[in-house]
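The residues making up each chain are set out below.
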Amino acid sequence: MFTIHNASASGGFEDISPKHEAYEEINYLVNLGVIKGYTEKGKTYFKPNNNVTRGQVAKMVVVASGNKPLVVNKSSFTDVAVGSELSGYVERAVQLGYFATNTKGQFLPNKPLTRDEMSHVLTKAFNLDTSKYENIDSPFDDVDITNPYVKYVNTIYYNGITKGSGQNYNPGSQVTRAQFALFVARAKSEKYRLELPVKGVAVPDASQVIGLVASTTDGLNIRKSKDSSSNANIVGTVDKGGKLSVYAVEGDWLKVSSKDTYAYISKKYAQFLDADGNTLGNVQKQVTTTQSINLYVKPTSSSKVISTVNNKVKLPVYKTVNGYYLTEVNGLPGYIVANSTEDVKVEQPSTPAPKPTPDPNTPSVTGDLLGRVTVDNLNIRQEANSTSAVVSKLKKGEYVQVNSINGYWAQVTSNGQKGYVHKSYLKLLNQNGNPLKDRIIIIDPGHGGSDVGTLFDKILEKNITLKVGTLVKNKLEAAGANVLMSRTGDTFPTLQGRVDFTHANYGEIFVSIHVNSADNKAAKGTETFYAQTSGDMYEEDIDLGTFVNNQIVNNVNMENRKVKKFNYHVIVNTNIPAVLVELGFLSNSEDRAKLSDDKYLELFAESIYKGILEYYSKQ
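Residues numbered from 1 in each chain as written. Predicted model: local features only at pLDDT ≥ 70, side-chain atom pairs only at ≥ 80, totals over all residues. Heavy atoms only, no water.

Novice: So what's going on with unusual backbone geometry? Which residues, and what values?
Specialist: One non-glycine residue, Asn127, adopts positive backbone phi at about 50°. By the secondary structure assignment, Asn127 is in the loop between α4 (115-125) and α5 (150-158). Owing to a relative accessible area of 27%, Asn127 belongs among the partly exposed residues under this scheme. A positive phi angle is found at Tyr506, which is not glycine, with a value near 55°. Looking at the element boundaries, Tyr506 is found in the loop between α8 (495-504) and β29 (509-516). (Helix = DSSP H or I, 4+ residues; strand = E, 2+ residues; numbered from the N terminus. Buried < 20%, exposed > 50% of the residue type's maximum accessible area, 1.4 Å probe, protein only.)

And the structure:
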């Protein structure tokens, strides 16, 4: 049992007695300098029942995770003043990814922290590995599998940081100061971790999920075994519309995950959904496979293979996603590579049909430089400014001839008509010579200056990212690209400064380079992040991120942690295709050996270069 030898040195709070449930944890954090109380009339109070605010949490987790506040010259948030004590801690917490930034440029420092936000903060601040807990159901009734925080809630539960309240987590509830002290102490020290309520039961392996289903009836029984004759094996129910991950189809039963173990539901009362949790909709056409191909869980070749489909098999197509068709094989939905199929010819009516409009995904224009439209309803304007008259609109996937570019405005020709479009919404494609020639590419080596990033002994993240970024720059320039780096030496541009630099230089793609770390020394591998905001060209981000990530995984033999969505400041606020790549984990001995070896750093750089080249080679 942990004993406080000097309570007065540890706080001596008037409102925290030795019998308080958080007594030891509060004093533990006081001794670390993470928290302090309030002095009123010569007495010190902790005020355990007060709600903890986002600003207070930013400071606590920066200190508790062993980091220091940033020196701030320009605030990234309108509601956090430069020069205030809070400013440096908030900027540091956001820079480290502990908080997702508010799209309106506010941090909301005085807003009480909610329990769902807390799960994200603790997972990020203490480098807890979420990879085992993605795409599996939460042990709590009020955290659905589609909840954006589900993997973070799962992570802190399975790491003994929270047990919730009965069957509920209460994700929208506010967190008191005493509760947050308990959670931080548990995240910081194994000593304070909770015992999991279920021992000896394997957590369902999210990598084995083959689909997602929704219940078609209220009160659908979830059972421990495939036996409908006994009510003794019922472990829960799910109402109509409730979603569950599926791990296998076993006759008339679906093997699912419920709470913290495997279970079964009747296939008769479940409807399969697509990878985004939506119903499949109507069949748009039919195709025939032209070779033996894989059926994937998601529209990417890095996701789990459900099954293999033989050559010359006819399949329905529900929709097209990033070059993949959503289809259905033996009752299981999944995704196949579109260009490994051919359309089934439909018998034509006896009377001539009207001539179909050209496929917008096939270039029908000529010239040395084409632009493929990356958003819907893109305005073509009469002049090169945002207030000029709109002369026509372009659909996503259409091609235009690019005649000239001045800053962010491109003069284009579409259907014989000239006008101007903002080039952020065009993927510029060279039709002659190297695909990279004249492309304006921004390379962002993470951290720098007083911000060393993650570290191990004398190996610093800021040095690795600068070395790899410089190698990438040299390779891109040799191919004819116009490359700019957010930093070329040991300096620290602010997060917003990196965004402003990109826009000021009319960047066309943005690649931020980082190195990872985790308390779990087994965590390893490469992962790449993209951001998604309403109406943007996030599919381009996914393309770019996938090419870069896969090149690194294949060429450097790294564990594939895949391409993921997360709104890091430097990519969510950059209005061009932008990704943030985490090369590997300094905390893992295998990854660290590569990250500290110049031969491997050359391979990392070569892979990023090849990923960018692959992106621009795709028409």
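Next comes the rest of the account.
Novice: Just give me the short version of the pairing of strand β3 (residues 211-215), but keep the residues and values in it.
Specialist: Both faces of the sheet carry side chains from a regular strand, because those side chains alternate between them. Burial analysis of β3 places 5 of its 5 residues in the buried class, the great majority of the element. With burial as the criterion, each face of β3 is covered, one bearing Gly211, Val213 and Ser215 and the other bearing Leu212 and Ala214. Inspection of the sheet shows β3 paired to strand β6 (residues 243-250) by 4 bridges, in the antiparallel sense. The residue of β6 that forms the bridge with Val213 is Leu244. Examined bridge by bridge, β3 and strand β9 (residues 270-273) share 4 bridges and lie antiparallel to one another. The partner of Ser215 across the bridge, within β9, is Ala270. (Pairing = 2+ DSSP bridges.)

Novice: Could you give me a rundown of the sheet that holds strand β13 (residues 314-317), with the residues and numbers involved?
Specialist: Strand order in this open sheet of 3 strands is β13-β10-β17, and the pairing throughout is antiparallel. A single partner strand is all that each edge strand has here, and the edge strands are β13 and β17 (341-343). Between one strand axis and the next, the sheet turns by 40° as a mean value, whatever way the strands run. The pairing of strand β10 (residues 285-289) with β13 spans 4 bridges and is antiparallel. Residue pairing across strands places Gln286 opposite Pro316, the latter belonging to β13. (Axes fitted to C-alpha atoms, helices over the stretch in contact; angles between N-to-C directions.)

Novice: Tell me what's going on with the packing of aromatic side chains, and back it up with residues and numbers.
Specialist: The description of two aromatic rings rests on the distance between their centres and on the angle between their planes. Enumeration according to the criterion identifies 13 aromatic pairs in this entry. The interplanar angle of 85° and the centroid separation of 5.1 Å between the aromatic rings of Tyr247 and Tyr262 together place this pair among those described as edge-to-face. Of this pair, Tyr247 sits in strand β6 while Tyr262 sits in strand β8 (residues 261-266); the two residues are 15 residues apart in sequence, bridging distant segments of the chain. On the basis of relative accessibility, which here comes to 27%, the residue Tyr262 falls in the partly exposed class. Aromatic side chains Tyr408 and Tyr506 sit 5.3 Å apart centroid to centroid with 80° between the ring planes, which places their arrangement in the edge-to-face category. (Phe/Tyr/Trp six-rings, centres within 6.5 Å; stacked < 30°, edge-to-face > 60°.)

Novice: Break down the sheet that holds strand β28 (residues 482-485) for me, with residues and values.
Specialist: Taken in spatial order, the 6 strands make up an open sheet running β28-β25-β29-β32-β30-β31, and their pairing is mixed. Taken across any chain shown, the strands that pair with only one partner, and hence form the sheet edges, are β28 and β31 (560-565). In this sheet, neighbouring strand axes are inclined to one another by 20° on average, regardless of whether the strands run parallel or antiparallel. In terms of strand pairing, strand β30 (residues 526-530) meets strand β32 (residues 578-585) through 4 bridges, oriented antiparallel.

Novice: Lay out the pattern of salt bridges in plain terms, naming residues and giving numbers.
Specialist: According to the stated counting rule, one finds 26 salt bridges in the structure shown. Asp543 is paired through a salt bridge with Lys618; the nearest N and O atoms lie 2.8 Å apart. Of the two residues, Asp543 is situated in helix α9 (residues 538-555) and Lys618 in the segment after α12 (598-617); the sequence distance between them amounts to 75 residues. The salt bridge partner of Glu606 is Lys610, with a shortest N-O separation of 4.0 Å. Residue Glu606 and its partner Lys610 are both found in helix α12; the two are separated by 4 residues, about one turn of the helix. We classify Glu606 as partly exposed; its relative accessible area is 22%. (Salt bridge = Lys/Arg side-chain N within 4 Å of Asp/Glu carboxyl O.)

Novice: Outline α8, listing residues and values.
Specialist: One turn of the α-helix equals 3.6 residues, which is why residues spaced by three or four share an orientation. Turning to α8, its buried residues are Leu495, Arg498, Val499 and Thr502. Projected down its long axis, α8 carries its buried residues within an arc of 100°, all on one side. Residues of α8 that are buried in the fold lie against α3 (85-95), β25 (440-445), β29 and α10 (569-572). Directly beyond the C-terminal end of α8, a positive phi value near 55° is found at Tyr506. (Arc of directions from axis to C-beta. Contact = heavy atoms within 4.5 Å.)

Novice: Describe the nonpolar core, and please don't skip the residues or the numbers.
Specialist: Counting residues in hydrophobic clusters, the biggest one holds 70 residues, and the most contacted among them are Ile26, Ile35, Phe99, Met118, Leu122, Phe180 and Ile571. Counting residues per element, this core draws most heavily on helix α6 (residues 177-188), at 7 residues. In terms of nonpolar packing, the next biggest core, distinct from the first, is built from 35 residues, Ile443, Ala481, Ile552 and Tyr616 among them. (Core = buried A, V, L, I, M, F, W, Y, C linked by side-chain atoms within 4.5 Å.)

Novice: For the packing of α9 against α12, give the residues involved together with the corresponding values.
Specialist: Look at α9 against α12: their axes get within 8 Å of each other, and the N-to-C directions meet at 145°. At the point where α9 passes α12, the crossing takes the right-handed sense. Together, Glu540, Asp543, Leu544, Phe547, Val548, Gln551, Ile552 and Asn555 of α9 and Leu603, Phe604, Ser607, Ile608, Lys610, Gly611, Ile612, Glu614 and Tyr615 of α12 make up the contact between the two elements. Split into classes, the residues belonging to the contact of α9 with α12 amount to 9 nonpolar, 4 polar and 4 charged. (Left-handed = near helix turned anticlockwise from the far one by under 90°. Nonpolar A, V, L, I, M, F, W, Y, C, P; charged D, E, K, R; others polar.)

Novice: Let's hear about α9: which residues, and what values?
Specialist: In this model α9 runs 26 Å from its N-terminal to its C-terminal C-alpha over 18 residues, within 8% of the 26 Å that 1.5 Å per residue would give. Of all 18 residues that make up α9, 13 are buried, and the element is covered over most of its length. Just downstream of α9 lies Asn557, where phi reads positive at about 55°. (Expected span 1.5 Å × (residues − 1).)

Novice: Could you give an account of the environment of Thr374, naming the residues involved and the relevant values?
Specialist: Looking at the secondary structure, you find Thr374 in the loop between β18 (369-373) and β19 (378-381). Look at Thr374 and you get buried, because its relative accessible area is 3%. A C-alpha to C-alpha distance of 8.8 Å links Thr374 and Tyr538, two positions 164 residues apart in sequence. Ignoring anything within four residues of it in the chain, the contact list for Thr374 reads Lys396, Ser424, Tyr425, Leu426, Lys427, Met537 and Glu540.

Novice: Residue-level account of the packing of helix α1 (residues 23-31) against α6, with values.
Specialist: It is at 9 Å that the axes of α1 and α6 come closest, and there the two elements cross at 70°. Taken together, the axis directions place α1 and α6 in an arrangement best described as roughly perpendicular. Where α1 crosses over α6, the two elements pack in a sense that is left-handed. For the pair α1 and α6, the contacting residues are Glu25, Ile26, Tyr28 and Leu29 in the first and Ala181, Leu182, Val184, Ala185 and Lys188 in the second. Of the residues assigned to the contact of α1 with α6, the class counts are 7 nonpolar, no polar and 2 charged. (Parallel < 35°, antiparallel > 145°, perpendicular 65-115°, else oblique.)

Novice: Any details on the environment of Arg561? Residues and values, ideally.
Specialist: Mapped onto the secondary structure, Arg561 falls in strand β31. Judged by its relative accessible area of 12%, Arg561 is buried. On a C-alpha basis, the gap between Arg561 and Ser131 in space is 7.7 Å, while along the polypeptide they are 430 residues apart. In terms of polar contacts, Arg561 uses its side chain to reach the side chain of Glu527, at 3.3 Å. (Polar contact = N/O pair within 3.5 Å; in protein donor to acceptor, adjacent residues only side chain to side chain.)

Novice: Give me the environment of Val329: which residues, what numbers.
Specialist: With respect to the helices and strands, the residue Val329 is situated in strand β15 (residues 324-329). Classification of Val329 by relative accessible area gives buried; the value is 13%. The spatial distance from the C-alpha of Val329 to the C-alpha of Thr308 is 9.6 Å, given a sequence separation of 21 residues. With residues near it in sequence (within four places) discarded, Val329 still touches Leu295, Val309 and Leu315.

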